[in-house]
Amino acid sequence: MAPTPVFFGLFGSNKRVKKTTDLHGFELSEALLHNLHAKGKVPGMAVSFRRDEEILFEKGFGGLANSSKNPIDPANTYFRIASISKCITGVALARMVEQGLVDLDDSFYKHVPDYPKKQFDFTLKQLASHTAGIRAYKGKEYALNRSMTIEEGTGLFSKEPLAYIPGSDFIYTSLDFVLLSLAMEKAAGMPFEEYVEKEVLKPLHMLHTTPEARKRSLNKLKKNEVVRFYTRSGSGFRKALKVNNFYKLAGGGYLSTAADIATLGQAILKENFVRPELMQEFLAPQIVLGKNVYYGLGWQASQDIAGRHYYGHVGNSVGAYTNFYVYPHERLVVSILINSSDPKVQPELDEAIDAALRHING
């Protein structure tokens, strides 16, 4: 078998690096992000910065393939959004609570009674907050290329004991969201993805957000294309392994655009899609044995290095690295999608976001 090709410096080879001295605000943000692609540190990237209803800065960097013939469009180019999917699931779960279909304190077994019994019960809230006792990925589970339904996906770990007593620890794992989505679709009486589309995506006009496995819906949108996916390899990139993320759709299986994700953040700031006091429960960090775990229900809830409060999610999966931040005080939404597994550029992304926030705060 021929070795997998590695592309070194290819993605930024025709771009001029911009000087950042004497730049401030969004000009500095744009230059810093531009330089990531110009220096070949990311294959491609789509970015959206919005404040309330205003689009402050929205741009694509790079091409869908290895040329500029098909430039990335933040409103129309599909990326894997990795764990930002959990934020979508969190909003869907809040909608189900509003509709009386579930209660956060429901036992998982109330909705999925046939699931193998464990030594301790666990709730939907514990699944959504990563405190249910479910283990993390093992081995190559992170990158499986196996077509499975959500229910079939639970078979990867359904016969194993809990890793800890529910509520006694916090272990971040997308497998929590496999079980959560199974309970949600049982409660809704329809497939999880259909409920999410009906109750979240269509009402919010997030029409470019879809399960990756649903190729039919993608093919109908002729102007919209999916990026090629890459994995960082040394100082270059290689094509990512093929994966099938459908069984973990709720935790990391959606495709979307930078603009759609920004729209989700704007809806959260408006506080008119889900009852505000209920949504605040999802956005509030959980306290486990007296310790703040900086995670709510499907949403990270923390502070940046300057002490500014935000909620959202960072995502990392095969062929994707993503940032989604909602800053409630500054009313700023940041959506950044990159088509590579962790390219090790978070400090540069933080610097670009910080420049925008400093400008807003004067």
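Our subject is the structure that appears above.
To keep things clear, this report deals only with the structure shown in the data block. Nothing here was measured: the structure is a model prediction, and the numbers come from that model.

Aromatic ring pairs are reported here in terms of the distance separating the ring centres and the angle at which the planes meet. Considering all chains together, one arrives at 15 aromatic pairs under this definition. Between the aromatic rings of Tyr137 and Tyr142, the centroid separation amounts to 6.0 Å while the plane-to-plane angle is 75°, which identifies the pairing as edge-to-face. Three or more aromatic residues link up through ring pairs in this structure, and these residues are Phe108, Tyr109, Tyr115 and Phe122. In this arrangement the basic side chain of Arg80 is found over the ring face of Phe229, its NZ or CZ atom lying 3.7 Å from the centre. Over the ring of Phe273 we find Arg95; its NZ or CZ atom is 4.3 Å from the centre of that ring.

So, about the sheet that holds strand β9 (residues 254-256). Strand order in the open sheet made by the four strands is β5-β9-β4-β6, with mixed pairing throughout. The strands lining the two open edges of the sheet, one partner per strand, are β5 (210-211) and β6 (225-226). Note that β5 and β9 share two bridges and pair antiparallel. Residue Pro211 lies in a different strand from β9, and its bridge partner there is Tyr254.

Moving on to the nonpolar core. Counting residues in each nonpolar core, the largest one holds 83 residues, and the members touching the most others are Phe108 and Trp299. Broken down by element, this core gets its largest block of residues, 10 residues, from helix α6 (residues 175-188). Those residues in contact with Trp299 that lie beyond four places of it in its chain are Cys87, Gly90, Val91, Ile268, Met279, Phe282, Leu283, Tyr311, Gly312, His313, Phe324 and Val326. Counting 27 residues, the second largest nonpolar core, distinct from the first, contains Val47, Tyr310, Tyr327 and Val345.

This brings us to the pairing of strand β12 (residues 300-303). With four bridges joining them, β12 and strand β13 (residues 309-317) adopt antiparallel strand pairing. Pairing of Ala301 across the sheet is with Tyr311, part of β13. Between β12 and β13, which pair antiparallel in sequence order, lie five residues; one of them, Gly307, sits at a positive phi of approximately 85°.

Rules of the game
Position numbers for residues start from 1 in each chain and track the written sequence from start to end. At least 70 in pLDDT is required for a residue's local features to be given in this predicted model, at least 80 for side-chain atom pairs to be given and counted, and no such filter applies to totals for whole chains, interfaces and linings, which use all residues. Working from all heavy atoms in the structure, the side-chain values ignore hydrogens and water. Under the pairing criterion, centres of Phe, Tyr and Trp rings, with the six-membered ring standing for Trp, must be within 6.5 Å; the plane angle then separates stacked pairs below 30 degrees from edge-to-face pairs above 60, leaving the rest tilted. By definition here, charges over rings are those cases where NZ of Lys or CZ of Arg is within 6 Å of the ring centre and within 35 degrees of the ring normal. In short, DSSP must find at least two bridges between two strands for them to pair. Secondary structure follows DSSP: runs of H or I at least 4 residues long count as helices, runs of E at least 2 residues long count as strands, and numbering of each begins at the N terminus. Here, nonpolar core refers to any group of buried Ala, Val, Leu, Ile, Met, Phe, Trp, Tyr and Cys residues whose side-chain atoms link them within 4.5 Å. Each residue's exposure class comes from its accessible area (1.4 Å probe, protein chains only) as a fraction of the maximum for that residue type: buried when under 20%, exposed when over 50%, partly exposed otherwise. Contact between two residues is taken to exist if any of their heavy atoms lie within 4.5 Å; hydrogens are not considered.

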